[in-house]
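Reading the structure
Listed here are the chains, written in short residue letters.
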Amino acid sequence: MAASWSMVVLAAAMVVVAVTLAGGAEAITLCKMSSDQLMACKPAVTKPDPAEPTPECCTALSAADLGCLCSYRNSAVLPALGIDPDLALGLPAKCGLTPPANC
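Along each chain, the written sequence defines residue order, and numbers are assigned to residues from 1. Confidence filtering applies because this is a predicted model: local features only for residues at pLDDT of at least 70, side-chain atom pairs given and counted only at 80 or more, and all residues used for totals across whole chains, interfaces and linings. The side-chain figures draw on all heavy atoms in the structure; neither hydrogens nor water molecules are used.

Notes on the overall build of the protein chain
Secondary structure assignment for the protein chain yields 6 helices and 2 strands. Each helix corresponds to a stretch of at least 4 residues labelled H or I by DSSP, and each strand to a stretch of at least 2 residues labelled E; elements are numbered beginning at the N terminus. From first element to last, N terminus to C terminus, the protein chain shows the α and β order α-β-β-α-α-α-α-α. For each residue, the accessible area found with a 1.4 Å probe, counting protein chains only, is set against the maximum for its type, and the residue is called buried under 20%, exposed over 50%, and partly exposed in between. For the protein chain, with 103 residues in total, the buried portion stands at 38%. The contact definition used throughout considers only heavy atoms, calling two residues in contact when any of these lie within 4.5 Å. Nonlocal contacts in the protein chain, meaning residues at least 24 apart in sequence, comprise 80% of its contacts between residues at least 6 apart. Here the open area of atoms and residues is found with the Shrake-Rupley method and a 1.4 Å probe, where only the protein chains shown may cover a residue. Accessible surface computed for the protein chain: about 5300 Å², of which carbon and sulfur atoms make up 58%.

Take a look at the structure:
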């Protein structure tokens, strides 16, 4: 279950990044996470040399609307945006977070 939640968080982050890179100049908020907060997690889920999640990433994840993020759990966006699904699945545990029971 933690793995699904992590994938959701990262899919949401990558959607925000894609919209921003496509020309959206305004700040975007998704599931109570700003684009900056979402971007803080990207290095932890990018190969070939993923970083440990930063305190900023973990803080952002802990303040996010986890139910909202879980709604993205079946998204096919991750691989298309260069996010490694296996790394994404491990992110919540690395931050010491517990996803909602229904995630």
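Re the nonpolar core
Where a protein is soluble and globular, its nonpolar side chains tend to be buried together. As used in this record, nonpolar core signifies buried Ala, Val, Leu, Ile, Met, Phe, Trp, Tyr and Cys residues forming a set joined through side-chain atoms within 4.5 Å. Grouped together as the largest cluster of nonpolar side chains are 14 residues, with contacts concentrated most on Met 33, Cys 41, Val 45, Cys 57, Leu 61, Leu 91 and Cys 95. Counting residues per element, the ones that place at least two in this core are helix H3 (55-63) and helix H6 (85-94). Considering each element in turn, this core owes the most residues, 4 residues, to H3.

Here's the deal with the state of the cysteines
Note that a disulfide, as used here, is simply two cysteine sulfur atoms within 2.5 Å. According to the stated counting rule, one finds 2 disulfides in the structure shown. Residue Cys 41 pairs covalently with Cys 57 via a disulfide, S to S 2.1 Å. Across the disulfide from Cys 41 to Cys 57, rotation about the S-S bond amounts to roughly 105°, and the bridge is consequently right-handed. A residue pair is termed long-range when its members are at least 10 positions apart, and Cys 41 in the loop between helix H2 (35-39) and H3 and Cys 57 in helix H3 qualify at 16 residues. A sulfur-sulfur separation of 2.0 Å characterises the disulfide bridge that pairs Cys 58 with Cys 95. Handedness here is read from the sign of the S-S torsion; for Cys 58 and Cys 95, about -75°, the answer is left-handed. Here Cys 58 is found in helix H3, whereas its partner Cys 95 is found in the segment after H6, with 37 residues between them in sequence. Residues Cys 58 and Cys 95 agree in their burial class; the two are buried.

A closer look at the confidence of the model for the protein chain
Across the protein chain, pLDDT averages 74, with 59% of residues at or above 70. Between the elements of the protein chain, mean pLDDT differs from a low of 54, seen in helix H1 (residues 2-21), to a high of 92, seen in H3. A score from 0 to 100, pLDDT tells how confident the predictor is in each residue.

Topic: the pattern of salt bridges
Think of a salt bridge as a Lys or Arg side-chain nitrogen and an Asp or Glu carboxyl oxygen that are within 4 Å of each other. With the rule as written, the count across this model stands at 1 salt bridge. We note a salt bridge from Lys 94 to Glu 52, for which the minimum N-O separation is 3.9 Å. Of this pair, Lys 94 sits in helix H6 while Glu 52 sits in the loop between H2 and H3; the two residues are 42 residues apart in sequence, bridging distant segments of the chain. Among the residues examined, Lys 94 registers a relative accessible area of 47% and is labelled partly exposed.

A closer look at unusual backbone geometry
A cis geometry characterises the amide bond from Lys 47 onward to Pro 48, with omega recorded as 15°. Mapped onto the fold, Pro 48 is located in the loop between H2 and H3.

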